[in-house]
Amino acid sequence: DTGVSQDPRHKITKRGQNVTFRCDPISEHNRLYWYRQTLGQGPEFLTYFQNEAQLEKSRLLSDRFSAERPKGSFSTLEIQRTEQGDSAMYLCASSIENSPLHFGNGTRLTVT
Amino acid sequence: AQKVTQAQTEISVVEKEDVTLDCVYETRDTTYYLFWYKQPPSGELVFLIRRNSFDEQNEISGRYSWNFQKSTSSFNFTITASQVVDSAVYFCALGGSGGSNYKLTFGKGTLLTVNP
């Protein structure tokens, strides 16, 4: 069990640029989740995949955000035309069915 | 709507003291899960416990214990004989409707500092 892996750990970008984050879940975990955590707050749910199907998206996920999990393994989260308000920690988690979520270390995004 | 309140923003104790972290939740669901996660400075959320709404038995795991009281919608977490390594932000979370745990609602967290 190597844990949930996220890349990069840190990303600094200028406003208006596009960014993409990658998440590798624990192998054999069929469910994958993205959460966002801003400073001083708890994580907030963004979206959820069961295998390759994206089953739910939060209202927090504006049309500038898109997530994919093309082969039911790793996932990417892309933010287009970044805004300063997108600065946050983006957390990925995975689970087998309804087992507890295992989170990665997150990708910290800073938009300047 | 679901809500989790962790009234204690920060707690500071001296090593070996016992400390209780409070969690109060709101939900209209009859079936739900409650969780505690630990977030050390490294940033990774570490799962500590999941409790089903039908199971009100208290649980003890080493120095950790949890007190679930449905009547007061509380799920408090006690660390006995705290250690410096317990220093972290602790989050209480509520699972989604129908007992699913994929869409968690987190509290704002309690920063616990254990001083030597």
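What you see is a predicted model; the values in this text were computed from it and never measured.

## Comments concerning the sheet that holds strand β7 (residues 65–68) of chain A
Residue and element names in this part refer to chain A. With respect to topology, four strands assemble into an open sheet ordered β1-β3-β8-β7, the strand pairing being antiparallel. The sheet is open, and its two borders are formed by β1 (5–7) and β7, each paired with just one other strand. When the angles between neighbouring strand axes are averaged without regard to direction, this sheet yields 15°.

## Focus on the pattern of salt bridges
All names here are of chain A. As enumerated under the stated definition, the model contains eight salt bridges over all chains in all. Here aspartate 86 makes a salt bridge to arginine 64, at a shortest N to O gap of 2.8 Å. Of the two residues, aspartate 86 is situated in the loop between β8 (75–79) and β9 (88–95) and arginine 64 in the loop between β6 (53–57) and β7; the sequence distance between them amounts to 22 residues. The same class applies to aspartate 86 as to arginine 64, namely buried. Several salt bridges share partner residues, and in doing so they unite Arg64, Glu83 and Asp86 into one network.

## Re the packing of aromatic side chains
Going through the model one piece at a time under the given rule, you end up with 20 aromatic pairs over all chains. Positioned above the aromatic ring of tyrosine 33 of chain B is the side chain of arginine 50 of chain B, whose terminal nitrogen or guanidinium carbon lies 4.3 Å from the ring centre.

## Side note on the state of the cysteines
Scanning the entire structure with this criterion turns up two disulfides over all chains. Paired through a disulfide, cysteine 23 of chain A and cysteine 92 of chain A show a sulfur-sulfur distance of 1.9 Å. Disulfide cysteine 23 of chain A-cysteine 92 of chain A: torsion about the S-S bond near -70°, hence left-handed. Here cysteine 92 of chain A lies in strand β9 and cysteine 23 of chain A lies in strand β3 (residues 19–24), a separation of 69 residues in the sequence. Given the relative accessible area of 0%, cysteine 92 of chain A is considered buried. A disulfide bridge connects cysteine 23 of chain B with cysteine 92 of chain B, and the sulfur atoms are separated by 2.0 Å. On the sign convention where negative is left-handed, the bridge of cysteine 23 of chain B and cysteine 92 of chain B, at about -65° about the S-S bond, is left-handed. On the criterion of sequence distance, the pair formed by cysteine 23 of chain B in the loop between β3 (19–21) and β4 (24–26) and cysteine 92 of chain B in strand β10 (residues 88–94) is long-range, its members being 69 residues apart. The exposure class assigned to cysteine 92 of chain B is buried, which follows from its relative accessible area of 0%.

## As for the interface of chain A and chain B
Taken residue by residue, the interface counts 19 residues in chain A and 19 residues in chain B. Summed over both partners, the interface of chain A with chain B comes to about 1,700 Å²; 50% of that surface belongs to carbon and sulfur atoms. Together, Asn98, Pro100 and Phe103 of chain A form the three largest contributors to the area buried by chain A at its contact with chain B, with a combined 30%. Counting across the chain A and chain B interface gives one salt bridge.

## With respect to the side chain of asparagine 30 of chain A
All names here are of chain A. Structurally, the position occupied by asparagine 30 is in the loop between β3 and β4 (31–37). Among the residues examined, asparagine 30 registers a relative accessible area of 12% and is labelled buried. Of the polar contacts made by the side chain of asparagine 30, one reaches the side chain of glutamate 97; its length is 2.7 Å.

## Remarks on the nonpolar core
With 24 residues, the main nonpolar core has Trp36, Trp66, Phe77, Tyr90 and Leu112 of chain B as its most contacted residues. At the level of secondary structure, the elements contributing two or more residues to this core comprise β2 (10–14), β3, β5 (33–39), β6 (46–52), β8 (64–69), β9 (74–79), β10 and β12 (110–115) of chain B. Those residues within four positions of tryptophan 66 of chain B in sequence are excluded, and the remaining contacts are Trp36, Leu48, Ile49, Asn58, Glu59, Ser61, Phe75, Asn76 and Phe77 of chain B. In this structure, Ile26, Leu32, Phe49 and Val111 of chain A belong to the second largest nonpolar core, which totals 19 residues.

Basis of the calculations
Residues numbered from 1 in each chain as written. Chains lettered and ligands numbered in written order. Predicted model: local features only at pLDDT ≥ 70, side-chain atom pairs only at ≥ 80, totals over all residues. Heavy atoms only, no water. Pairing = 2+ DSSP bridges. Helix = DSSP H or I, 4+ residues; strand = E, 2+ residues; numbered from the N terminus. Axes fitted to C-alpha atoms, helices over the stretch in contact; angles between N-to-C directions. Salt bridge = Lys/Arg side-chain N within 4 Å of Asp/Glu carboxyl O. Buried < 20%, exposed > 50% of the residue type's maximum accessible area, 1.4 Å probe, protein only. Phe/Tyr/Trp six-rings, centres within 6.5 Å; stacked < 30°, edge-to-face > 60°. Lys NZ or Arg CZ within 6 Å of the ring centre and 35° of its normal. Disulfide = S-S within 2.5 Å. Contact = heavy atoms within 4.5 Å. Buried area = accessible area lost by both parts, 1.4 Å probe. Polar contact = N/O pair within 3.5 Å; in protein donor to acceptor, adjacent residues only side chain to side chain. Core = buried A, V, L, I, M, F, W, Y, C linked by side-chain atoms within 4.5 Å.

Functional significance is not addressed by these values, which are geometric in nature.
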